[in-house]
Amino acid sequence: MASPSILCVLSDDILARIRSKLSSELDRKTWRLVCRDFLRVDSACRTSLRVLRTEFLPGLLQKCRNMESLDLSVCPRINDAMVAILLGRGSVSWTRGLRRLVLSRATGLKSAGLELLTRSCPSLEAVDMSYCCGFGDREASALSCAVGLRELKLDKCLGVTDVGLATIAVGCNKLQRLSLKWCMELTDLGIDLLVKKCSDLKFLDISYLQVTSESLRSIASLQKLEGLAMSGCSLVGDLGLHFLGNGCPSLLVIDVSRCDGVSSSGLISLIRGHSDLQQLNAGYSFPELSKMFFRQLKDMKDLNSIKVDGARVSDFSFQIISANCKCLVEIGLSKCMGVTDLGIMQLVSGCLNLKIVNLTCCCSITDAAISAVADSCRNLLCLKLESCNLITEKSLDQLGSCCLLLEELDLTDCSGVNDRGLEYLSRCSELTCLKLGLCANISDKGLFYIASNCKKLRELDLYRCNSIGNDELAALSSGCKKLEKLNLSYCSEVTDTGMEYISQLKDLSDLELRGLVKITSTGLTAVAAGCMRLAELDLKHCQKIKDSGFWALAYYSRNLRQINLSNCTVSNMGLCMVMGNLTRLQDAKLVHLSNVTVDGFELALRASCIRLKKVKLLASLSSLFSSDLLQTLRERGCQIRWIGSTHMYTHE
């Protein structure tokens, strides 16, 4: 007779305390797999849940009775019928304490299901409905039943009009955070009513709406508004910024990027009324910012982030910022004309607390500027230097010596970066993201230093690094075990041997293999079998992969949500296997599949239409598909992107 386990003397309270000491989700997952008692305690303690597979949803919801946050954004087939099933199965205690619900891209959910959900969750405070293309005024009316709502995201809900926004404003008048980005049917009338009914708003995003300065006149009356995003509001002029300058007394964060109708004078009137502003994004709105604008910064002692991407600046600009904005931690100068070594040196001489610096396409800066940044900004976390071709190994030597906290570095298309530079850079052991795309002078030798010393690396971009081969992938697989995102597109020397090494990266979720002409079905099979967490995969132009590789993908890669098979040699059978078996697949690019017939496409799309949310196809197929297939895809919320081609398809 087996002796009882020592675990039987541990109460649920003690087990819960043990679980609380596990900081990472991976550790908690391993813990709950030990035994049933651990699983039961884990379910009782869980307050958040992100579901990937619909079939597990009912059972999980019954076990997790103390849940506060539920994320269904990557769970396919969430529709009215599924909601009715979930709420009709006996006890629904999981709904009582639910405060946050993420339904982003739940295109199958309509007004009936949404109303049933909101009425069943009396404690609901935050809902995310972004990118639900079928969300319209009826759904908005159903959502208005959540009277305790404090936070709502409706980004790109293209069917919502002023009527729908009005019902939400009336029913959910306690809203504090609201995002309406890309809701193209909304007008000044809807914004005015929203402001009148929801006076507690603290954050509002109206980016890319077709609203005018009249909306800003209304918004200016919001006494508690702390953050306003209005990127891409092309119909707003200086008058609107003047209204904001005289209103919104609590405003701390403003985004006026890509607003073509405003000028420096409008921006000056805005910041003149808000000297306590903390974050200002004016990127790509002004071809040139006047000296008067920069002089106005003298009064902005609390400013910690400023972005003027795309504008012409001068050394005088940096002199003003350096002398007055001592709290600055972030500056965005991407594609700015007039950025010089002297200007950057002046900037960092006064702004010693900078942590995020974006110098993308500032082509005139040299090692002198980067050395000054490294020497002055010892707490630097993120540095973007894409297309800064005058940067050499000297800059990386300084970064490796001074910026030991650096986490993210973008060196894309920096032709001066070489293996010696990567050796210096490898001293930055805290690096989590490194982009080296189009760096033609690096090889396996340089990447070996990175793989050996940067153990925390989670994202690595080696796009078109033609000298990178299998040896570097061997070093990566042993040194960078935490790698989650890897881009090897057009690294032409990589073969199936390299794929064997890649298969050892168990945490890999995003892999780009576009244009790897030497990998075959053997390599893809190894990746599919080894990288079980793979969610995004790009195989465009991988023409040596045959059906056996795609069959392996269909069998092993059950977590795939996005795939690019364009210009591959997959057959009808292989495509149907992939599209039918990958039960979480939501986004597929299927362009120029010369071995697939019209019937093959139809079968594959029918096998996946219940979960597919986005598909890219050749326009020549649009007239060949059956009308009922296209109607089914549209009804289920699938967005089809047709691209032009003269390719002729045949039926079998």
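All values reported here derive from a predicted model rather than from experimental measurement.

(A) View of the overall build of the protein. Along its length, the protein carries 26 helices and 24 strands. Across its three principal axes, the protein shows a C-alpha extent of roughly 75 × 70 × 65 Å. Counting across all 652 residues of the protein, residues that qualify as buried make up 51%. Taking contacts inside the protein between residues at least 6 apart in sequence as the whole, the part at least 24 apart equals 74%. Here the protein displays about 26,800 Å² of accessible surface, and carbon together with sulfur accounts for 51% of that area.

(B) A look at the nonpolar core. Counting residues in hydrophobic clusters, the biggest one holds 199 residues, and the most contacted among them are I219 and M230. No other element matches helix α16 (residues 367-376), which puts five residues into this core. For I219, the contacting residues outside a window of four places in its chain are I191, V195, L204, I206, L225, L228, L244 and C248.

(C) Region of the structure containing helix α2 (residues 25-32). Taken as a whole, α2 has its buried residues at R28, W31 and R32. Projected down its long axis, α2 carries its buried residues within an arc of 90°, all on one side. In this fold, the buried residues of α2 make contact with α1 (12-20) and α3 (36-45).

(D) Here's a closer look at the packing of aromatic side chains. All chains considered together, the criterion is met by seven aromatic pairs. Ring centres of Y555 and Y556 lie 4.9 Å apart, and the angle between their planes is 90°; on these two criteria the pair is classed as edge-to-face. Given the relative accessible area of 54%, Y555 is considered exposed. A connected cluster of aromatic rings, assembled from ring pairs, spans F601, F625 and W642. The cationic tip of K291 hangs over the ring face of F316; the distance from NZ or CZ to the ring centre is 5.3 Å. When the ring centre of Y490 is taken as origin, the NZ or CZ atom of R464, which lies over that ring, is 4.0 Å away.

(E) Layout of the environment of N567. Along the chain, N567 falls in the loop between β21 (562-564) and α24 (572-581). In this structure N567 comes out as buried when scored by relative accessible area, which is 17%.

(F) Here's a closer look at the packing of helix α19 (residues 444-453) against helix α20 (residues 470-479). One way to put it is that α19 packs onto α20 with a least axis distance of 9 Å and a crossing angle of 0°. As far as their axial angle goes, α20 and α19 are roughly parallel. Residues D444, L447, F448 and A451 of α19 form the contact with α20, whose own contacting residues are D471, E472, A475, L476 and G479. Residues belonging to the contact of α19 with α20 are distributed by class as follows: five nonpolar, one polar and three charged.

(G) Representation of the pattern of salt bridges in the model. Within the structure shown, the criterion is met by 18 salt bridges. The salt bridge partner of R99 is E125, with a shortest N-O separation of 3.0 Å. Of the two residues, R99 is situated in the loop between α5 (80-87) and β3 (100-102) and E125 in the loop between α6 (111-120) and β4 (126-128); the sequence distance between them amounts to 26 residues. A salt bridge links K196 to D192; its shortest N-O distance comes to 3.2 Å. Taken together, the positions of K196 and D192, both in helix α9 (residues 188-197) and four residues apart, correspond to about one turn of that helix. Using a relative accessible area of 24% as the deciding quantity, one classes D192 as partly exposed. Several salt bridges share partner residues, and in doing so they unite E602, R606 and D628 into one network.

(H) Expanded view of unusual backbone geometry. Of note in this structure, C361 is not a glycine but carries a positive phi near 60°. The class for C361 is partly exposed, based on a relative accessible area of 27%. In the Ramachandran plot, Y490 falls in the positive-phi region, its phi being about 65° despite a non-glycine side chain. Secondary-structure assignment places Y490 in the loop between β18 (485-487) and α21 (496-502).

Parameters at a glance
Residues numbered from 1 in each chain as written. Predicted model: local features only at pLDDT ≥ 70, side-chain atom pairs only at ≥ 80, totals over all residues. Heavy atoms only, no water. Helix = DSSP H or I, 4+ residues; strand = E, 2+ residues; numbered from the N terminus. Buried < 20%, exposed > 50% of the residue type's maximum accessible area, 1.4 Å probe, protein only. Contact = heavy atoms within 4.5 Å. Areas by Shrake-Rupley, 256 points an atom, 1.4 Å probe, with all protein chains shown as cover. Core = buried A, V, L, I, M, F, W, Y, C linked by side-chain atoms within 4.5 Å. Arc of directions from axis to C-beta. Phe/Tyr/Trp six-rings, centres within 6.5 Å; stacked < 30°, edge-to-face > 60°. Lys NZ or Arg CZ within 6 Å of the ring centre and 35° of its normal. Axes fitted to C-alpha atoms, helices over the stretch in contact; angles between N-to-C directions. Parallel < 35°, antiparallel > 145°, perpendicular 65-115°, else oblique. Nonpolar A, V, L, I, M, F, W, Y, C, P; charged D, E, K, R; others polar. Salt bridge = Lys/Arg side-chain N within 4 Å of Asp/Glu carboxyl O.

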